[in-house]
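Observations on the three-dimensional arrangement
Given next are the chains, with one letter for each unit.
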Amino acid sequence: MTTVQSTSQSSSTVDQALLDAVNAKKKTDATTTEEAQDRFLKLLTTQLQNQDPLNPLDNSQVTSQLAQLSTVTGIEKLNSTVASLFSQIQSSQSLQSSNLIGHVVVAPGSKIALADGNALYGIDLPRSAEHVQVSITDANGLLVRKFDLGVQPQGVSTFAWDGKNDVGVLAKNGIYNFSIEAVSGKDKVGGSTLSFGLVDSVTNGPEGNRLKVANIGDVNAADVVEVY
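As the structure is a computational prediction, the values presented were derived from the model and not from experiment.

Some thoughts on the overall build of the protein
A count of helical and extended segments in the protein gives three helices and 12 strands. By the burial criterion, 29% of the 228 residues in the protein qualify as buried. For the protein, contacts bridging at least 24 residues in sequence account for 65% of all contacts bridging at least 6.

Right, here's the structure in full:
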């Protein structure tokens, strides 16, 4: 005598088959989505062939299971597409970043390279300021020059330092540090300092492309504000 499974048992078997297929995919790369589909369809076909004619499988339940399998397949394909797209973007960014080698860039930093009375630096303000005071110090932290840039607009601005100290004497060539204090009325504006440097090399890491910049150090390519 043939044993006929009930609708609830059949539905439970189908649910478990789908769950096993999904879990198997998570546990091992060897199990593909196509294999999960084949197993699911074989089990579903077996249930349909052995269903009780007086109590057949509910069409809505079968449709729901197929929809779940379709969703799993769609997510798998989407993940594959996104991974491929991300790889292409990384390759494109690496190629673009490599073109910066040998160029001077402006990026967040607090160093000024002085050479024969010529030095460049920049500031980035979140909003306009009535006064921006610049302090330049040497490697020992001693103050070399302090001056006011006056009113400055929001955003990035670049300047040149003539290399002279507070008494008008030309400072020695080398690397100096600088800081800013921006105010508007009695309120501090904040802002950040920007340095100029020559790009020596580019490396590609998990956090994106990083540039090795003279006088600045390692810089995220996305943080570069200007290129010369």
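We are not done yet, so read on.
What to know about the environment of A171
Relative to the elements of secondary structure, A171 occurs in the loop between strand 6 (155-161) and strand 7 (174-184). It is 9.6 Å that separates the C-alpha atoms of A171 and R145, two residues lying 26 residues apart in sequence.

Observations concerning the layout of surface pockets
Its boundaries defined by the atoms lining it, the largest pocket holds a volume of some 160 Å³. Contributing to the lining of the largest pocket are V104, K111, I112, A113, N118, A119, L120, F196, G197, L198, A214 and N215. For the lining of the largest pocket, the elements supplying multiple residues, two or more each, are strand 2 (111-114), strand 3 (119-125) and strand 9 (192-205). Looking at side-chain class alone, the lining of the largest pocket contains eight nonpolar, three polar and one charged residues.

Structural notes on the nonpolar core
Core analysis: the biggest nonpolar cluster contains 19 residues, and I112, Y121, I136, W161 and Y176 have the highest contact counts within it. For this core, the elements supplying multiple residues, two or more each, are strand 2, strand 3, strand 4 (131-137), strand 5 (143-148), strand 6 and strand 7. Among all residues touching I136, those that are not within four sequence positions of it are I112, L142, L143, V144, R145, F147, W161, Y176, N177 and F178. In this structure, L100, V105, A107 and V224 belong to the second largest nonpolar core, which totals eight residues.

With respect to a nonpolar patch on the surface
Taken together, the side chains of V104, L198 and Y228 present a nonpolar region at the surface, about 250 Å² in accessible area. Secondary-structure assignment places L198 in strand 9.

Here we look at the pairing of strand 1 (residues 104-108)
Relative to strand 9, strand 1 runs antiparallel, the two being bridged by five bridges. Paired with A107 across the bridge in strand 9 is S195. With two bridges connecting them, strand 1 and strand 12 (residues 226-227) associate as antiparallel partners. Among the inter-strand pairings, V106 is bridged to a residue of strand 12, identified as E226.

Digging into the packing of aromatic side chains
All chains considered together, the criterion is met by four aromatic pairs. Through a chain of ring-to-ring contacts, the aromatic side chains of Y121, F159 and F178 assemble into a single cluster.

A look at the side chain of S157
Counting through the fold element by element, S157 comes out in strand 6. Those residues in contact with S157, other than ones at most four positions away along the chain, are Y121, G122, I123 and Q152.

Looking at the environment of V104
Examined against the element boundaries, V104 turns out to sit in strand 1. In sequence terms V104 and G197 are 93 residues apart; their C-alpha atoms lie 5.3 Å from each other. Each residue touching V104, except ones within four places of it in the same chain, is listed here: F196, G197, L198, E226, V227 and Y228.

A look at the confidence of the model for the protein
Residues of the protein with pLDDT of at least 70 account for 58%, and the chain-wide mean is 78. Within the protein, the element-level pLDDT minimum falls on helix 1 (residues 7-27), averaging 54, and the maximum on strand 3, averaging 97. Contacts of residues 1-11 to residues separated by more than four positions or lying in other chains number 15 contacts, the stretch itself having pLDDT below 50.

So, how was this worked out
- The residue numbering used here restarts from 1 in each chain and proceeds along that chain's sequence as written.
- In keeping with the predicted nature of the model, local features appear solely for residues at pLDDT of at least 70, side-chain atom pairs appear and are counted solely at 80 or more, and the whole-chain, interface and lining totals rest on all residues.
- Side-chain metrics rest on all non-hydrogen atoms present in the structure, leaving aside hydrogens and water.
- Only DSSP runs of H or I reaching four residues or more are called helices, and only runs of E reaching two or more are called strands; each is numbered from the N terminus.
- Burial here depends on accessible area, computed with a 1.4 Å probe over protein chains only, as a share of the maximum for the residue type. Under 20% is buried, over 50% is exposed, and the range in between is partly exposed.
- Any two residues whose heavy atoms approach within 4.5 Å at even a single point are treated as in contact.
- Think of a 1 Å grid over just the protein atoms. A cavity is a set of points where a 1.4 Å probe fits yet cannot get out, a pocket is an open set with protein on both sides within 12 Å along at least five of seven lines, and lining residues have an atom within 4 Å of a point.
- Grid points are joined across faces, edges and corners, and a volume is the space filled by probe spheres set on the points.
- Basically, the charged four are Asp, Glu, Lys and Arg, the nonpolar ten are Ala, Val, Leu, Ile, Met, Phe, Trp, Tyr, Cys and Pro, and anything else, Gly included, counts as polar.
- The nonpolar core is taken to be a set of buried Ala, Val, Leu, Ile, Met, Phe, Trp, Tyr and Cys residues, with the residues joined through side-chain atoms within 4.5 Å.
- Only residues above 30% relative accessible area that lack a salt bridge enter a patch, with like-charged residues linked at up to 9 Å and the nonpolar side chains Val, Leu, Ile, Met, Phe, Trp and Tyr linked at up to 5 Å.
- Computed with the Shrake-Rupley method and a 1.4 Å probe, the accessible areas treat only the protein chains shown as cover for residues.
- Only one rule defines a salt bridge in this text: a Lys or Arg side-chain nitrogen within 4 Å of an Asp or Glu carboxyl oxygen.
- Two strands qualify as a pair provided that DSSP identifies no fewer than 2 bridges between them.
- The rule is short: rings of Phe, Tyr and Trp, with Trp giving its six-membered ring, pair when the centres are within 6.5 Å, and they are stacked under 30 degrees, edge-to-face over 60, tilted in between.
- The predictor attaches a confidence to each residue, called pLDDT, with possible values from 0 through 100.

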